[in-house]
Amino acid sequence: MVTPAVKRDAVAHLEGLFAVSQRRACTVLGIDRTMVRYRSLRSDDAGIRERMRSLAGERRRFGYRRLHWLLGREGLAMNHKKFRRLYREERLQVRRRGGRKRALGTRAPMAIPQGRNQRWSLDFVSDAFACGRRFRIFAVVDDFTRECVRLIADTSISGLRVARELDAAIAERARPAMCVSDNGTELTSMAILRWSKEREVEWHYIAPGKPQQNGFIESFNARLRDECLNETIFSSLAQARSVLAAWRNDYNYRRPHSSLGNMTPAEMAARSAGQPGRGYTPNPVAITPNNGHQRNAGLYL
């Protein structure tokens with residue numbers, strides 16, 4: 001126990017566990033009561049933090065020194081060391097970059113989606129045909145309803161192709177307020193930078209090496225691989241597209257989702273829109289024979 005906050009927690013733990021007084025708990029732990037009873041008079045600086053985030057969003061490549069100087073011109077009187085502490089707590093550090101120009105997305109934290117089409121998550125999944133040739137799957141998921149918005153298979157998917165598929169999804173549904181992705185080359189290309197600006201869609205990139213920040217699409221990818229990709233031997237691109245289309249239909253309209261209270265994503269979407277649940281197309285994903293082997297040539301082999 002080093003910091004005052006940890007010591008206060010330890011005293012509170014003893015008080016609740018053994019029903020002893022604060023004086024007794026402090027004596028046992030060897031902690032000064034004045035430190036435990038002290039309450040900070042420091043303000044939370046909420047207004048300054050809000051203005052700092054706003055200015056950092058406008059001046060994306062400014063560090064804390066320039067932001068401190070700009071806020072000083074607005075009348076802020078604050079020591080630069082305190083300003084840097086607030087700057088770091090708000091996680092506004094500017095990452096050094098080099099090389100060609102790429103789409104950078106936003107520096108602001110993501111808001112929790114409260115409705116359909118507020119936030120889409122995007123990612124790529126890789127698999128192989130029986131001959132060993134690799135192909136890729138582009139997946140888009142609505143973070144609120146968990147609907148699979150897009151599931152596209154091809155041997156090569158560029159940034160331009162991603163933009164076209166997003167346009168097709170918008171034509172079917174609506175324009176999302178935000179898209180979330182990792183820092184892959186297709187998703188940081190000039191085509192995506194131009195698309196997000198023209199469509200006025202905010203784009204958020206997760207931190208490098210932090211897939212947990214894009215947990216919705218990572219969870220979907222795990223279900224896709226476990227329930228479809230690992231269960232299927234793909235022989236051609238046309239057959240892969242057919243299998244993925246059938247699995248997407250089943251995922252959206254038939255498969256219960258535990259995080260939605262065992263509703264399907266389509267039922268969740270209908271509930272969020274205040275409409276009765278839509279039906280589904282009764283196309284089976286696969287036929288599982290009794291011996292556990294795959295025999296449906298139309299879907300698998």
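Parameters and conventions
Residues numbered from 1 in each chain as written. Predicted model: local features only at pLDDT ≥ 70, side-chain atom pairs only at ≥ 80, totals over all residues. Heavy atoms only, no water. Helix = DSSP H or I, 4+ residues; strand = E, 2+ residues; numbered from the N terminus. Buried < 20%, exposed > 50% of the residue type's maximum accessible area, 1.4 Å probe, protein only. Areas by Shrake-Rupley, 256 points an atom, 1.4 Å probe, with all protein chains shown as cover. Axes fitted to C-alpha atoms, helices over the stretch in contact; angles between N-to-C directions. Parallel < 35°, antiparallel > 145°, perpendicular 65-115°, else oblique. Left-handed = near helix turned anticlockwise from the far one by under 90°. Contact = heavy atoms within 4.5 Å. Nonpolar A, V, L, I, M, F, W, Y, C, P; charged D, E, K, R; others polar. pLDDT = per-residue confidence, 0-100. Patch = residues over 30% accessible without salt bridge, like charges linked within 9 Å, V, L, I, M, F, W, Y side chains within 5 Å. Salt bridge = Lys/Arg side-chain N within 4 Å of Asp/Glu carboxyl O. Lys, Arg positive; Asp, Glu negative; His and termini not counted. Charge placed at Lys NZ, Arg CZ, Asp CG, Glu CD. Pairing = 2+ DSSP bridges.

### Here's the deal with the overall build of the protein
Turning to step 1, where the next piece is worked out: Per the secondary structure count, the protein includes eleven helices and five strands.
Turning to step 2, where the next piece is worked out: With 301 residues in all, the protein has 40% of them scored as buried.
Turning to step 3, where the next piece is worked out: Accessible surface computed for the protein: about 17,800 Å², of which carbon and sulfur atoms make up 50%.

### Description of the packing of helix 4 (residues 46-58) against helix 6 (residues 80-89)
Turning to step 1, where the next piece is worked out: Between helix 4 and helix 6, whose axes approach to 10 Å, the crossing angle comes to 65 degrees. On the basis of the axis angle, helix 4 is roughly perpendicular to helix 6. Relative to helix 6, the crossing made by helix 4 is right-handed. Seen from helix 4, the contacting residues are Ile48, Arg49 and Met52; seen from helix 6, they are Phe83, Leu86, Tyr87 and Glu89.
Turning to step 2, where the next piece is worked out: Residue composition of the contact of helix 4 with helix 6, grouped by class: five nonpolar, no polar and two charged.

### Looking at the environment of glycine 30
Turning to step 1, where the next piece is worked out: Following the sequence through the fold, glycine 30 ends up in the loop between helix 2 (22-29) and helix 3 (33-37).
Turning to step 2, where the next piece is worked out: Separated by 23 residues in the primary sequence, glycine 30 and lysine 7 have C-alpha atoms spaced 9.9 Å apart.

### Quick notes on the confidence of the model for the protein
Turning to step 1, where the next piece is worked out: The predicted model of the protein averages 85 in pLDDT, with 86% of residues at 70 or higher.
Turning to step 2, where the next piece is worked out: The spread of mean pLDDT over the elements of the protein runs between helix 11 (residues 265-272), the lowest at 90, and strand 2 (residues 134-142), the highest at 96.
Turning to step 3, where the next piece is worked out: Low pLDDT, under 50, characterises residues 276-301; the stretch is placed with 44 contacts to residues that sit more than four places away or in other chains.

### Looking at a positive patch on the surface
Turning to step 1, where the next piece is worked out: Residues Arg60, Arg61, Arg95 and Arg96 make up a contiguous surface patch of positive charge.
Turning to step 2, where the next piece is worked out: Position of arginine 60 among the secondary structure elements: in the loop between helix 4 and helix 5 (64-73).

### Quick look at the pairing of strand 1 (residues 119-128)
On any regular strand, side chains alternate: one points to one face of the sheet, the next to the other face.
Turning to step 1, where the next piece is worked out: For strand 1, a buried count of nine out of ten residues is recorded, marking the element as mostly surrounded by other parts of the structure.
Turning to step 2, where the next piece is worked out: Here nine bridges tie strand 1 to strand 2, and the two strands are oriented antiparallel to one another. Bridging from a neighbouring strand, serine 126 pairs with arginine 136 of strand 2.
Turning to step 3, where the next piece is worked out: Counting the residues in the hairpin turn of strand 1 and strand 2 gives five residues, including glycine 132, whose phi is positive at 100 degrees.

### Considering the pattern of salt bridges
Turning to step 1, where the next piece is worked out: In this structure the tally under the stated criterion is 21 salt bridges.
Turning to step 2, where the next piece is worked out: The salt bridge partner of aspartate 142 is arginine 173, with a shortest N-O separation of 3.0 Å. Placement of aspartate 142 in strand 2 and of arginine 173 in the loop between helix 7 (159-172) and strand 4 (178-181) is noted, with a sequence separation of 31 residues between them.
Turning to step 3, where the next piece is worked out: In this structure aspartate 142 comes out as buried when scored by relative accessible area, which is 0%.

### What about the sheet that holds strand 5 (residues 202-205)?
Where strands meet in a sheet, backbone hydrogen bonds hold them as pairs that are either parallel or antiparallel.
Turning to step 1, where the next piece is worked out: Across the sheet, which stays open at both edges, the five strands sit in the order 3-2-1-4-5 with mixed pairing between neighbours. Single-partner strands in this sheet number two, and they are strand 3 (148-154) and strand 5. When the angles between neighbouring strand axes are averaged without regard to direction, this sheet yields 20 degrees.
Turning to step 2, where the next piece is worked out: Bridge count for strand 1 against strand 4 is three bridges, and the pairing is parallel.

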